[in-house]
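Per-entry structural report
The residues making up each chain are set out below.
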Amino acid sequence: MWLYAAAVLVGLYLLWRWHRERQTVPRLSEKYVLITGCDSGFGNLLARQLDARGLRVLAACLTETGAARLRAATSPRLQTVLLDVTSSQSIAAAAAWVRECVGDRGRTGRSPPSSFPSSPPPLCQPVPAQPVPERGCGQGSSPGSPRPLSPGLWGLVNNAGTTIPTAPNEWLTKDDFVKVLDVNLLGLIEVTLSVLPLVKRAQGRVVNVASIMGRISFFGGGYCISKFGVEAFSDSLRLEMHGFGVKVSVIEPGYFKTAITNIENLENNFLCIWEKLPEETKASYGESYLKDFLVALRKMEKKCSSNLTLVTDCMEHALTSRFPRTRYSAGWDAKLVYIPLSYLPSALTDMVFSWSHPKPSRKA
Ligand SMILES: NC(=O)c1ccc[n+]([C@@H]2O[C@H](COP(=O)([O-])OP(=O)(O)OC[C@H]3O[C@@H](n4cnc5c(N)ncnc54)[C@H](OP(=O)(O)O)[C@@H]3O)[C@@H](O)[C@H]2O)c1
């Protein structure tokens with residue numbers, strides 16, 4: 001009897017949640033979304049997905065080639081900008097470009113463009129801090145005529161990321177950690193701060209791409225540290241932004257087949273670091289450790305899911321649902337293995353991971 005009542009209550013709760021979460025925000029076609037790291041992987045797919053849904057995508061790419069490829073695959077609505085999230089100058093220029101795109105010209109602001117040019121505007125170059133009209137952004141209003149303030153930037157998706165260099169902590173230098181933290185954490189923070197006033201104005205969304213490795217740390221280097229940092233930053237930002245109507249979501253994907261999990265890149269990085277190690281360190285780990293690690297990498301690659309939409313659908317939901325979730329775990333490995341593991345006592349998770357990790361040849 002009690003079991004039956006509990007099952008009904010759970011069923012009703014799930015139904016209520018499903019109904020609530022499928023409600024979308026109105027006027028999606030008027031909303032601007034800035035996505036970082038759009039050259040490949042999740043960022044690239046999300047840009048195409050949102051463009052197909054009619055949103056005004058501002059896609060930040062690291063390379064000119066990536067940007068040109070993306071423009072060729074999308075509608076003229078989508079606009080690109082070059083952005084290296086490790087460079088403050090590049091971030092400032094991109095933020096100025098975004099302000100121009102959303103029609104923000106300060107207190108006497110003008111309305112955003114009512115229509116877009118039929119061919120993609122030539123946007124793919126680092127943009128000077130001053131708005132440049134030929135770029136196709138912020139046009140459509142007659143000079144001198146005061147208009148209502150721009151609606152701001154609806155969404156920011158902090159997606160750009162890197163894993164390399166990665167290896168056991170002892171094999172790395174401080175600079176190796178800095179390289180990853182600069183992209184995955186400090187870059188994410190600086191991009192967020194630079195466009196936050198625009199997101200506040202739109203009462204919009206910040207979507208930060210963390211990882212299951214922001215919930216549980218089981219290999220060395222800056223990656224897990226950076227993703228734990230993204231979780232922490234997102235939590236404090238969510239609390240602070242609540243009063244402004246801005247919602248902050250975190251995406252926690254499991255393993256997916258993208259450039260970041262590309263086996264050749266990871267192997268090359270690993271072998272390069274191994275070659276530079278002092279003989280004493282090499283001897284303490286032993287050649288068998290290296291061999292086993294490479295085998296483990298190959299196994300990891302086989303477990304990666306090719307269905308990237310599991311992740312981009314979460315990002316899209318966080319941007320378009322009236323009631324976005326605080327956290328999205330994407331992929332079955334995230335939902336069934338890593339997130340549950342993250343709630344276990346450390347003694348148990350240590351046992352699980354030391355069982356599957358390569359063993360060093362000697363202890364001292
Ligand atoms: N794939 C997974 O299994 C997985 C799991 C959990 C979380 N994630 C996270 O998902 C996000 C997207 O990664 P992905 O898997 O889609 O891999 P990806 O294809 O390598 O995408 C990462 C993107 O970030 C760009 N990027 C790298 N350094 C940058 C910089 N300094 N400034 C601006 N952009 C930069 C890359 O540009 P280039 O291509 O030109 O280098 C690339 O477009 C990352 O934050 C990653 O940590 C991935």
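Remember, it's a predicted structure, so these values are computed and weren't measured experimentally.

Definitions and cut-offs
- Residues numbered from 1 in each chain as written.
- Predicted model: local features only at pLDDT ≥ 70, side-chain atom pairs only at ≥ 80, totals over all residues.
- Helix = DSSP H or I, 4+ residues; strand = E, 2+ residues; numbered from the N terminus.
- Buried ≥ 20, exposed ≤ 12 C-beta atoms within 10 Å, placed from the backbone.
- Contact = placed C-beta atoms within 7 Å.
- Axes fitted to C-alpha atoms, helices over the stretch in contact; angles between N-to-C directions.
- Parallel < 35°, antiparallel > 145°, perpendicular 65-115°, else oblique.
- Left-handed = near helix turned anticlockwise from the far one by under 90°.
- Nonpolar A, V, L, I, M, F, W, Y, C, P; charged D, E, K, R; others polar.
- Pairing = 2+ DSSP bridges.
- Near = placed C-beta within 6 Å.
- pLDDT = per-residue confidence, 0-100.
- Right-handed = clockwise from strand over helix to strand, strands pointing away.
- Expected span 1.5 Å × (residues − 1).

**Some remarks on the overall build of the chain**
A tally of regular secondary structure across the chain gives 12 helices and 7 strands. Per-residue burial for the chain yields a buried fraction of 40% across its 364 residues. In the chain, once contacts between residues fewer than 6 apart in sequence are set aside, the share between residues at least 24 apart is 77%.

**Some thoughts on the packing of helix H7 (residues 263–276) against helix H9 (residues 287–303)**
Each pair of packed helices can be described by the angle between their axes along with the distance between the axes. In contact at an axis separation of 10 Å, H7 and H9 are set at 165° when each is read in the N-to-C sense. The pairing of H7 with H9 is recorded here as roughly antiparallel in orientation. Judged by the twist between their axes, the crossing of H7 over H9 is right-handed. Where H7 abuts H9, its residues Ile 263, Leu 266, Glu 267, Phe 270 and Trp 274 lie against Leu 290, Phe 293, Leu 294, Leu 297, Arg 298 and Glu 301. Considered class by class, the residues forming the contact of H7 with H9 number 8 nonpolar, no polar and 3 charged.

**Structural notes on the sheet that holds strand S5 (residues 205–209)**
Sheet strands associate in pairs through backbone hydrogen bonding, adopting either a parallel or an antiparallel arrangement. Read across the open sheet, the 7 strands follow the order S3-S2-S1-S4-S5-S6-S7; overall the sheet is parallel. Two strands close off the open sheet at either side, each with one partner strand: strand S3 (79–82) and strand S7 (327–330). Within the sheet, the average angular offset between the axes of one strand and its neighbour, ignoring direction, is 15°. Of the pairings in the sheet, the one linking strand S1 (residues 32–35) to strand S2 (residues 56–61) comprises 4 bridges and is parallel in character. Bridge pairing in S2 links Leu 34 to Leu 58. On top of the sheet, helix H3 (residues 64–72) reaches S2 and S3; it is set at about 175° to S3, its chief contact. Along the sheet face, helix H6 (residues 222–242) touches S5 and strand S6 (247–253) and points at about 160° away from the line of S6.

**As for the site of the ligand**
Among the 28 residues in the neighbourhood of the ligand, the closest are listed as Gly 37, Gly 41, Ala 160, Gly 161 and Thr 258. In terms of residue count, the dominant contributor to the shell around the ligand is helix H2 (residues 41–52) (3 residues). Residue classes in the shell around the ligand are distributed as 12 nonpolar, 14 polar and 2 charged.

**Description of the confidence of the model for the chain**
Taken as a whole, the chain shows an average pLDDT of 88; of its residues, 87% reach a score of 70 or greater. Low pLDDT, under 50, characterises residues 106–136; the stretch is placed with 65 contacts to residues that sit more than four places away or in other chains. In this model, residues 138–143 is a region of pLDDT below 50 whose contacts with residues beyond four sequence positions or in other chains number 13 contacts.

**Some remarks on the environment of Arg 22**
Its location among the elements puts Arg 22 in the loop between helix H1 (2–21) and S1. In the structure, Arg 22 is positioned 295 residues away from His 317 in sequence and 8.5 Å away in space, judged by C-alpha atoms.

**Quick look at the pairing of S5**
Among the 5 residues that make up S5, 5 are buried, leaving the element largely enclosed by the rest of the structure. Every second residue of S5 is oriented toward a common face, with Arg 205, Val 207 and Val 209 on one face and Val 206 and Asn 208 on the other, all of them buried. Sheet topology places strand S4 (residues 155–158) next to S5; 4 bridges connect them, and they run parallel. Residue Val 157 lies in a different strand from S5, and its bridge partner there is Val 207. Between the parallel elements S4 and S5, the chain passes through helix H5 (residues 174–202) in a crossover that is right-handed. Pairing of S5 with S6 involves 5 bridges; the strand directions are parallel. Paired with Val 206 across the strands is Val 248, a residue of S6. This β-α-β element, S5 to H6 to S6, shows right-handed connectivity.

**Details of H1**
With 20 residues, H1 extends 28 Å between its outermost C-alpha atoms, agreeing within 8% with the 28 Å of an ideal straight helix rising 1.5 Å per residue. With 0 of its 20 residues buried, H1 lies for the most part at the surface.

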